[in-house]
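Descriptive analysis of the structure
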Amino acid sequence: MKKPANLVIAVLVALLGFAVAVQVKAGGSDAALSSARPEDLVRILSDLDAQQERLRLEIGDLEDTQRQLDSGAQGRDAALADARKRADELGILAGTLPAEGPGLRIDLMQGTDAIKSETVLDAIEELRGAGAEAMQIAGADGPAVRIVASTYFVDAPEGGRLVVDRTTLAAPYTITVIGGPDTMRTALNIPGGVVDSVRQHGGTVSVREADPVHVTALHTAGALQYAKPA
């Protein structure tokens, strides 16, 4: 039973590594940080430290699971329960499971100019960099769209609308996000960031804290064509 146990751990480690890589990529450099206030930078740095600590704990948990898998039937039962818990967590990250928790509801209302896809993408990147764990976006009509690592945003040909993963949305747009409310709010309000960008074009941004926030839209993962377990 040891080899299957080790295989379970290897899969979990690989999935965790993928989630970390996505988070690091999403939280890439942002020129707006150079004009941020010191207190804003301190808060964002604190959140990044907290994320790093959570990742250390994840590694420790995986090592504990490895030891439990090697300790016999009782250990395997405990590891199986832990694997199910991690599968739920990874399902939330992949957008295949609904989620709830503390977070924000962000309304982007256009003014004289339409809200461009790049502005919405900037908002998503700022939220990810501030520790967002699950997100969806909805328009004035139509279904909400779950936001995952592969989600794309483009301006619709007819103007004044967005196409998000093949779904056309009309303004105003509502982003529902689960994560640390204070840190995410600070990230959105960094000078030169999303709130400033929308206001410069006559629009408004409303940020409301809620607990719990419900992210119910689901992402349908496509079938893999080339990748397979190594």
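Across its full length, the protein chain holds 6 helices and 8 strands. Looking at the protein chain as a whole, 37% of its 230 residues are labelled buried. Taken as a whole, the protein chain presents about 13000 Å² of accessible surface, with 56% of it coming from carbon and sulfur.

Moving on, we come to the pairing of strand S7 (residues 173-178). Taking burial as the measure, the 6 residues of S7 include 5 buried ones, the bulk of the element. Taken together, the 6 bridges between strand S1 (residues 99-109) and S7 define a ladder with antiparallel strand orientation. In the strand pairing of S7, Arg105 is matched with Thr176. Two strands pair when backbone bridges link them, and strand S2 (residues 134-138) and S7 are joined in this way by 5 bridges, in the antiparallel orientation. Following the sheet pairing, Met135 is matched in S7 by Val177.

All right, on to the sheet that holds S2 then. Spatially, S3-S2-S7-S1-S8 is the arrangement adopted by the 5 strands of the open sheet, whose pairing is antiparallel. Two strands bound the open sheet, and with one partner strand each, they are strand S3 (145-147) and strand S8 (204-215). On average, adjacent strands in this sheet sit at an angle of 25 degrees to one another, irrespective of strand direction. Each of S1, S7 and S8 touches helix H5 (residues 181-188); the most contacted strand, S1, lies at about 20 degrees to it.

Ordered by their spatial adjacency, 3 strands build an open sheet running S4-S5-S6, and the pairing between neighbours is antiparallel. One side of each edge strand has no neighbouring strand; the edge strands of this open sheet are strand S4 (153-155) and strand S6 (167-170). Neighbouring strand axes in the sheet, compared pairwise and without regard to direction, differ in orientation by 30 degrees on average. Pairing geometry for S4 and strand S5 (residues 161-164), over 3 bridges, is antiparallel. Residue Val154 lies in a different strand from S5, and its bridge partner there is Val163. Strand contacts of helix H4 (residues 117-129): S4 and S5, with the helix running at about 160 degrees to S4, the strand carrying the most contacts.

Glancing now at H4. Two residues of an α-helix separated by three or four positions point the same way, owing to the 3.6 residues in each turn. When the terminal C-alpha atoms of H4 are compared, their 18 Å separation across 13 residues agrees well with the 18 Å that a helix rising 1.5 Å per residue should span. Turning to H4, its buried residues are Ser117, Thr119, Val120, Ala123, Ile124, Glu126, Leu127 and Arg128.

Looking now at the nonpolar core. Soluble, globular proteins show a tendency: their nonpolar side chains are buried together. Within the largest apolar cluster, 29 residues are counted, with the highest numbers of intra-cluster contacts made by Ile106, Leu108, Leu127, Ile137, Ile175 and Val177. Looking at which element gives the most residues to this core, the answer is H4, with 4 residues. Sequence-distant contacts of Ile106, defined by excluding residues within four places in its chain, comprise Leu127, Tyr173, Thr174, Ile175, Val177, Leu188, Val205, Ser206 and Val207. Listed in part, the 6 residues of the second largest apolar core include Ala99, Ala134, Val213 and Val215.

Here we come to the environment of Pro98. Take Pro98: it is sitting in the loop between helix H3 (73-94) and S1. For Pro98 and His219, which are 121 residues apart along the polypeptide, the C-alpha to C-alpha distance reads 9.7 Å. Sequence-distant contacts of Pro98, that is, excluding residues within four places in its chain, are made with Ile92, Arg146, Val215, Thr216 and Leu218.

Rules behind the numbers
- Residues numbered from 1 in each chain as written.
- Predicted model: local features only at pLDDT ≥ 70, side-chain atom pairs only at ≥ 80, totals over all residues.
- Heavy atoms only, no water.
- Helix = DSSP H or I, 4+ residues; strand = E, 2+ residues; numbered from the N terminus.
- Buried < 20%, exposed > 50% of the residue type's maximum accessible area, 1.4 Å probe, protein only.
- Areas by Shrake-Rupley, 256 points an atom, 1.4 Å probe, with all protein chains shown as cover.
- Pairing = 2+ DSSP bridges.
- Axes fitted to C-alpha atoms, helices over the stretch in contact; angles between N-to-C directions.
- Contact = heavy atoms within 4.5 Å.
- Expected span 1.5 Å × (residues − 1).
- Core = buried A, V, L, I, M, F, W, Y, C linked by side-chain atoms within 4.5 Å.

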